[in-house]
Amino acid sequence: MQFNQLPLSKLILRAIVEEGYETATPIQAMAIPHIMEGRDLMGCAQTGTGKTAAFALPILHHLAETPRPGKGKGPRCLVLAPTRELAGQIAESFQAYGRHMSLRGAVVFGGVSQHHQVRKLQAGVDVLIATPGRLMDLGNQGYVDLTQLEVLVLDEADRMLDMGFIPDIRKIVAKTPKERQTLMFSATMPAAIRDLANGLLKNPEYVQIAANSATADRVEQAVYFVDKKDKPAMLTHLLESLSITRAIVFTRTKHGADKVAKFLQQENVPSAAIHGNKTQSQRERSLSAFRAGKVHVLIATDIASRGIDVDGVSHVFNFDLSNDPESYVHRIGRTARAGESGKAISFCDAEERAFLSAIQKLIKMDITILTDHPDHVPTGMAATMRPGDGPRNRKGGRGGGGGKK
């Protein structure tokens, strides 16, 4: 379906053209008409399928076509997101799609001073994007009025469940009008999310694009069995040998992310770490450098497994396999976005064999197992790697994260 076939406001269609969009993704084509009719909706789709536009575009259309009732300053639309990164990206999308409209928006999340956030709320907002914790804090201080809310969106609902936000979400929802439109989006549908949907949604439309826990179709997956002590050298070798544009390396812990980043920097691989112990400004600098191509390798914990929508990630490396198999699905969803293909390479040590089994059971497929030395790589992954080629020290070598750009 072409966007110009949807009955969206001309101002929004103009912004869509300027963004370079022509064809709606399946989730957008299926969800937008229902949302524009005012229906509650439960959307289940893989990451990277365009869910943000699927709700942002019809919400902006509603706000453009419907004058604000009354003179209040509270938000007409509230979007709840699990992480500050995702909240920021949703805010950027609303700003881009609504660039020709005179709507006011604000994004609130923790880790930074609340001063500027409070000032925006006091000035009045139409669209508020928030993480649950900071929204609860500001609400308890009397800065948030949800009595005029018309549309509530819960994005990445399963991630908010994992992070323990559901009690906060229920408290927030209790402060909103009963007569509202509610939209939920989730990559997976565990029982707890179905229960939440049943309690919040009224006669909803269900839109499912892929089977629960399905991995991205265009991601080529493989695993190396590697001793824990050999993982850093293996990672360095693969980063140098493969055709990598951008890579995200996932570790299980914050300390592990810092150790990997330090090791790669010593090997002259431009890289940066992002995790919960970093300040908001540090995380934003690392993401900006990654997007701009100043660093080609981002080392992250699972805080970054969703919500970081960066184009052109060619490879995802699971330096540590997650003990939560669903996190694997969300990690590898950082590549093969927007119709592109991608590669996901995992390292599995002896203690992680059970994690690998759980992942394969969840995704209902066997991941290609490679030798424990880099003598072979999956079809399509080979670049300059040769049989017998061992990990090489890159000190004094070329920078840029390795491989062809």
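Residues numbered from 1 in each chain as written. Predicted model: local features only at pLDDT ≥ 70, side-chain atom pairs only at ≥ 80, totals over all residues. Heavy atoms only, no water.

Asker: I'm lost on unusual backbone geometry in this one. Help?
Answerer: Most peptide bonds adopt trans geometry, and most residues besides glycine take a negative phi value. Unlike most non-glycine residues, Asn203 shows phi in positive territory, near 45°. Tracing the sequence through the fold places Asn203 in the loop between helix H9 (191-200) and strand E7 (205-208). The residue Lys364 is not glycine, and still its phi comes out positive at about 60°. Relative to the assigned elements, Lys364 resides in the loop between helix H14 (353-363) and strand E14 (368-370). (Helix = DSSP H or I, 4+ residues; strand = E, 2+ residues; numbered from the N terminus.)

Asker: Sorry if this is basic, but what is going on with the layout of surface pockets here?
Answerer: Over the atoms rolls a probe the size of a water molecule, and its path tells where empty space is left. In this model, the second largest pocket occupies a volume close to 410 Å³. Put simply, the parts of the chain that give the lining of the second largest pocket at least two residues each are helix H10 (231-241) and helix H11 (254-266). In terms of residues, the lining of the second largest pocket owes the most to one element, H11, which gives five residues. Grouping the amino acids of the lining of the second largest pocket by side-chain chemistry returns five nonpolar, four polar and eight charged. (1 Å grid on protein atoms, 1.4 Å probe; cavity = no way out; pocket = protein on both sides within 12 Å on 5 of 7 lines; lining within 4 Å. Points joined across faces, edges and corners; volume = space filled by probe spheres on them. Nonpolar A, V, L, I, M, F, W, Y, C, P; charged D, E, K, R; others polar.)

Asker: I would appreciate a short explanation of the pairing of strand E4 (residues 127-130) in the present structure.
Answerer: It is a general feature of regular strands that their side chains alternate between the two faces of the sheet. Residues Val127 and Ile129 line one face of E4 and the alternating positions Leu128 and Ala130 line the opposite face, and both faces are buried. Where strand E2 (residues 77-80) lies against E4, four bridges are found, and the strand directions are parallel. Looking at the pairing, Cys77 lines up with Val127 of E4. Here strand E3 (residues 105-108) pairs with E4 via four bridges, running parallel. Each residue of the ladder has a partner; that of Ala106, found in E4, is Leu128. Considered for its hand, the β-α-β crossover made up of E3, helix H5 (residues 115-123) and E4 is right-handed. (Buried < 20%, exposed > 50% of the residue type's maximum accessible area, 1.4 Å probe, protein only. Pairing = 2+ DSSP bridges. Right-handed = clockwise from strand over helix to strand, strands pointing away.)

Asker: Any chance you could explain the environment of Ile169 here in plain terms?
Answerer: Examined against the element boundaries, Ile169 turns out to sit in helix H8 (residues 166-173). Between the alpha carbons of Ile169 and Leu135 there is a distance of 9.8 Å; along the sequence they are 34 residues apart.

Asker: Is there a simple way to explain the sheet that holds strand E1 (residues 41-44) in this structure?
Answerer: By way of backbone hydrogen bonds, the strands of a sheet pair with one another, either parallel or antiparallel. Taken together, the seven strands give an open sheet; going across it, the order is E3-E4-E2-E5-E6-E1-E7, and neighbouring strands pair in parallel fashion. Since the sheet does not close on itself, it has two edges, and those belong to E3 and E7, each with one partner. Across the sheet, the mean angle from the axis of one strand to that of its neighbour is 10°, orientation sign disregarded. One ladder, built from four bridges, connects strand E5 (residues 151-154) with strand E6 (residues 181-186); its direction is parallel. Paired with Val153 across the bridge in E6 is Leu183. Each of E2, E3 and E4 is contacted by helix H6 (residues 132-140), which is oriented at about 120° to E4, the strand it contacts most. (Axes fitted to C-alpha atoms, helices over the stretch in contact; angles between N-to-C directions. Contact = heavy atoms within 4.5 Å.)

Asker: Is there a simple way to explain the pattern of salt bridges in this structure?
Answerer: Any two side chains of opposite charge can pair, given that their charged atoms come close. Per the counting criterion, the structure on display carries 16 salt bridges. For Lys231, the salt bridge goes to Glu352, with nearest N and O atoms at 2.8 Å. Of the two residues, Lys231 sits in helix H10 while Glu352 sits in the loop between strand E13 (342-348) and H14, which places them 121 residues apart along the sequence. An identical accessibility class is assigned to Lys231 and Glu352; each is buried. For the salt bridge of Asp302 with Arg331, the shortest nitrogen-to-oxygen distance reads 2.8 Å. (Salt bridge = Lys/Arg side-chain N within 4 Å of Asp/Glu carboxyl O.)

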